[in-house]
Each structure stands twice: as structure tokens, then as C-alpha cells.
Amino acid sequence: MNQILYMNSSKKKGGPLEIKTILRIFAILCIIFGLILIGQASYGILTKKQEEGQSVPLVEVLQEGNVLKITVTHDKLIDKITYHWNEDTEYVLQGKGRNQIEETIDLPVGTNILQLEVTDINGKTAAYSQMYELEEGDVTKPEIELLVENAKVKIVAKDETELDYMLYYWNEEDETRVDAREDFNKQIEEKIDILKGENTLTIIAVDKAGNETTKEQIFRGVKKPEINLSRNGNELIVKVTDEEGIQKIEYTLNGQFYSTDPQNTGNALNAKEVEFTQTLAEGENKITITAYSISGLSTEVSGETTI
């Protein structure tokens with residue numbers, strides 16, 4: 001009998017994988033592992049850059065006599081400022097939603113170390129530490145104020161303890177000295193004329209402890225308007241001049257008010273010289289004239305005449 005041979009061409013289940021399949025799986029695993037490493041590295045680099053880019057508060061401390069002026073600036077809101085001297089009590093200054101803070105604290109006598117720390121709303125801190133020395137006695141400098149009153153400047157020098165003297169001079173001229181009064185030695189006042197044109201006034205105030213303050217200021221001096229009155233029969237001739245320019249002229253004659261700007265518009269006369277006549281009444285005449293310059297100075301003249 002003829003024998004019938006049967007051959008099964010299907011692959012057996014559970015047999016070994018082919019080499020190509022193994023290589024493909026290995027390649028895919030390598031790619032996945034590489035992506036994981038790249039992701040971790042990118043995250044690490046990004047985090048590092050963010051940390052390096054964070055700004056910190058800027059602290060400036062300036063000693064002025066027996067006090068320290070502290071200035072803190074930041075591009076973010078400041079949460080608080082804490083400080084203490086040596087190992088003493090710690091003080092807290094609240095930021096109150098500000099990104100710039102100026103505070104003044106007293107400087108203790110002797111040699112002391114200031115420990116200061118600033119914290120922003122993100123918790124970022126900046127620390128400051130510095131040693132300061134303050135000797136016994138008066139170390140506060142005098143203060144100088146300048147007040148302009150018409151064509152004069154009022155100089156006021158003050159000290160919390162006791163002034164010794166004050167010096168002042170215009171430009172390079174000789175200085176003038178004013179000593180403090182024994183019964184009022186915490187303040188010196190002096191009123192002087194402002195020179196015509198542009199000039200520099202220098203003031204030096206010295207207290208009994210030798211502390212000295214110098215102040216310079218430039219002034220541009222002008223003269224007040226000039227008023228000249230003359231009479232021709234029953235007419236009063238008024239002439240007003242000013243080197244800068246006349247703003248307005250006002251006068252009251254026998255109770256009657258007159259003005260070149262009755263509506264107070266602020267319009268200047270745009271003239272350096274104005275002359276006009278005013279008819280006088282029979283009997284006694286009383287007049288008061290005020291001239292204003294564009295520089296803000298004024299001159300007042302009063303007179304009486306009888307027709």
C-alpha cells in the first residue's frame with residue numbers, strides 16, 4: 001500500500017523567537033530609556049536655571065550721626081525685615097505690600113554688630129551683617145533750611161543740642177559769621193538780600209561738638225517793581241517799571257478799586273514799563289498802588305494829595 005506522509009508546516013507555539021524580533025524589541029527599549037534620560041536632564045537644567053534667575057532683595061545701610069538709614073529695594077513684594085544688635089532682642093518691620101522700604105533705626109553707643117535679614121513673599125532672603133561704632137557725646141549734624149521771602153532769603157540753622165556759629169557767603173566773596181545766642185543756642189536765623197542775577201549761596205553750620213553741615217543753593221535774584229507818582233494839575237501820573245516784566249497793577253483811589261486784570265485771568269501786561277494818568281477828585285485824595293512782577297514780587301506805595 002502506498003504510504004501517505006503528513007507534514008505540518010505551522011510553527012510550534014512556545015518556540016524560540018527569531019533574531020530579528022529580538023533586535024527590534026531591544027532597539028525600542030533603548031529608545032524609551034533614552035527619552036527618559038533626556039526628560040530628566042531637561043527638568044534638571046530647567047530647575048537649575050530658574051533657581052539661578054531668582055533675584056534677592058537689595059539692602060543699603062547709611063550711617064547718619066547716631067542713626068542708620070536702611071533702604072531695601074526688590075523686584076518682588078517684601079514680606080518682612082528682621083534685625084537685632086549683637087544677640088539682643090529681634091525686631092520685625094512688616095513689608096506691608098511694598099517693594100521699596102526706607103526705615104531709620106537708632107545706633108547704640110559703643111561697638112555693635114547689626115544682623116539684618118530681608119524676606120520676600122516667595123521666602124527668598126538676603127542677610128546683612130556689619131559692625132558699627134558710636135562714640136559717647138553729640139554726633140548729630142546741624143540742619144539748614146532756606147526760605148525765600150520776596151527778594152530775601154531766610155537762613156535757619158538748627159541743632160538738637162547746641163549750635164556754635166554759622167557762616168554764609170555768595171559765590172567766592174568773603175564769608176559772614178553769625179554766632180549763636182547764649183539764651184537761644186539751638187537755632188540761628190539770618191535774613192539776607194538775594195543778589196541780582198544767578199548766584200550761589202553757601203552756608204556752613206557748626207555745633208558745639210564740632211559737627212558741621214554745609215549747604216549750597218543757586219538763587220536767581222530780581223528786583224521788585226518800581227512805582228513813581230507825580231502830579232500834573234488834577235491828574236495823578238503813575239509810572240511802573242520792572243526789569244523782568246509787569247504782571248498787573250492794582251490801586252485803590254478814595255475807596256474805589258481798579259485793576260489791569262479785574263477778572264484775575266492771570267494774563268500779564270507783557271511790558272517792562274507802564275505809565276498812565278488818573279483824574280483826582282476835588283478835596284482830599286487817598287491812593288494805594290500795588291505793582292506785581294511776572295517773577296512774583298510786588299511793591300506797594302500809598303500817598304495822599306489835596307486838590
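Owing to the predicted nature of the structure, the values given are computational and were not obtained by experimental measurement.

**Thoughts on the environment of Leu-62**
Then comes step 1: Mapped onto the fold, Leu-62 is located in strand S1 (residues 58-64).
Then comes step 2: Each C-alpha atom of the pair Leu-62 and Thr-104 lies 9.5 Å from the other, and the pair is 42 residues apart in sequence.
Then comes step 3: Ignoring any residue separated from it by four or fewer positions in sequence, one finds Leu-62 in contact with Val-67, Leu-68 and Lys-69.

**Let's talk about the sheet that holds strand S4 (residues 91-94)**
Then comes step 1: Here we have four strands laid out as an open sheet, ordered S4-S3-S6-S7, and antiparallel in their pairing. Among the strands making up the open sheet, the edge pair consists of S4 and strand S7 (125-134). Neighbour-to-neighbour, the strand axes of the sheet open up by a mean angle of 20°, direction not taken into account.
Then comes step 2: Here ten bridges tie strand S6 (residues 110-120) to S7, and the two strands are oriented antiparallel to one another. Note on S7: the bridge partner recorded for Thr-111 is Glu-133.

**Comments concerning the side chain of Asn-112**
Then comes step 1: On the secondary structure map, Asn-112 appears in strand S6.
Then comes step 2: Given a relative accessible area of 10%, Asn-112 falls into the buried group.
Then comes step 3: A polar contact is formed between the side chain of Asn-112 and the backbone oxygen of Val-109, at a distance of 3.4 Å.
Then comes step 4: When neighbours within four sequence positions are excluded, Asn-112 is seen to be in contact with Trp-85, Asn-86, Gln-130, Met-131 and Tyr-132.

**With respect to the packing of aromatic side chains**
Then comes step 1: Following the criterion strictly, the structure yields five aromatic pairs and no others.
Then comes step 2: Consider the rings of Trp-85 and Tyr-132, whose centres lie 6.3 Å apart with planes at 80°: the pair is edge-to-face. Of this pair, Trp-85 sits in strand S3 (residues 78-85) while Tyr-132 sits in strand S7, placing them 47 residues apart in sequence. In this structure, Trp-85 and Tyr-132 share a single accessibility class: buried.
Then comes step 3: Between the NZ or CZ atom of Arg-177 and the centre of the ring of Tyr-165, over which it lies, the distance is 3.9 Å.
Then comes step 4: A cation over a ring is seen here: Lys-248 above Tyr-292, with NZ or CZ 5.2 Å from the ring centre.

**Quick notes on the confidence of the model for the chain**
Then comes step 1: Residues of the chain with pLDDT of at least 70 account for 82%, and the chain-wide mean is 84.
Then comes step 2: Low pLDDT, under 50, characterises residues 1-15; the predicted model gives this stretch one contact beyond four residues in sequence or across chains.

**Some words on the pairing of strand S13 (residues 197-207)**
Then comes step 1: Burial runs high along S13: eight of the eleven residues are buried.
Then comes step 2: Where strand S10 (residues 163-170) lies against S13, seven bridges are found, and the strand directions are antiparallel. Opposite Tyr-169, over in S13, you have Thr-202 as the bridge partner.
Then comes step 3: Sheet topology note: the S13/strand S14 (residues 212-221) ladder contains ten bridges and is antiparallel. Paired with Val-206 across the two strands is Glu-212, which belongs to S14.
Then comes step 4: Counting the residues in the hairpin turn of S13 and S14 gives four residues, including Gly-210, whose phi is positive at 90°.

**Thoughts on the side chain of Glu-250**
Then comes step 1: You can see Glu-250 is positioned in strand S16 (residues 235-253).
Then comes step 2: Residue Glu-250 is classed as buried on the basis of its relative accessible area of 14%.
Then comes step 3: A distance of 3.1 Å separates a polar atom in the side chain of Glu-250 from a polar atom in the side chain of Lys-248.
Then comes step 4: In contact with Glu-250, not counting residues within four places along its chain, are Phe-257, Tyr-258, Ser-259, Thr-288, Ile-289, Thr-290 and Tyr-292.

Scoring rules and cut-offs
Residues numbered from 1 in each chain as written. Predicted model: local features only at pLDDT ≥ 70, side-chain atom pairs only at ≥ 80, totals over all residues. Heavy atoms only, no water. Helix = DSSP H or I, 4+ residues; strand = E, 2+ residues; numbered from the N terminus. Contact = heavy atoms within 4.5 Å. Pairing = 2+ DSSP bridges. Axes fitted to C-alpha atoms, helices over the stretch in contact; angles between N-to-C directions. Buried < 20%, exposed > 50% of the residue type's maximum accessible area, 1.4 Å probe, protein only. Polar contact = N/O pair within 3.5 Å; in protein donor to acceptor, adjacent residues only side chain to side chain. Phe/Tyr/Trp six-rings, centres within 6.5 Å; stacked < 30°, edge-to-face > 60°. Lys NZ or Arg CZ within 6 Å of the ring centre and 35° of its normal. pLDDT = per-residue confidence, 0-100.

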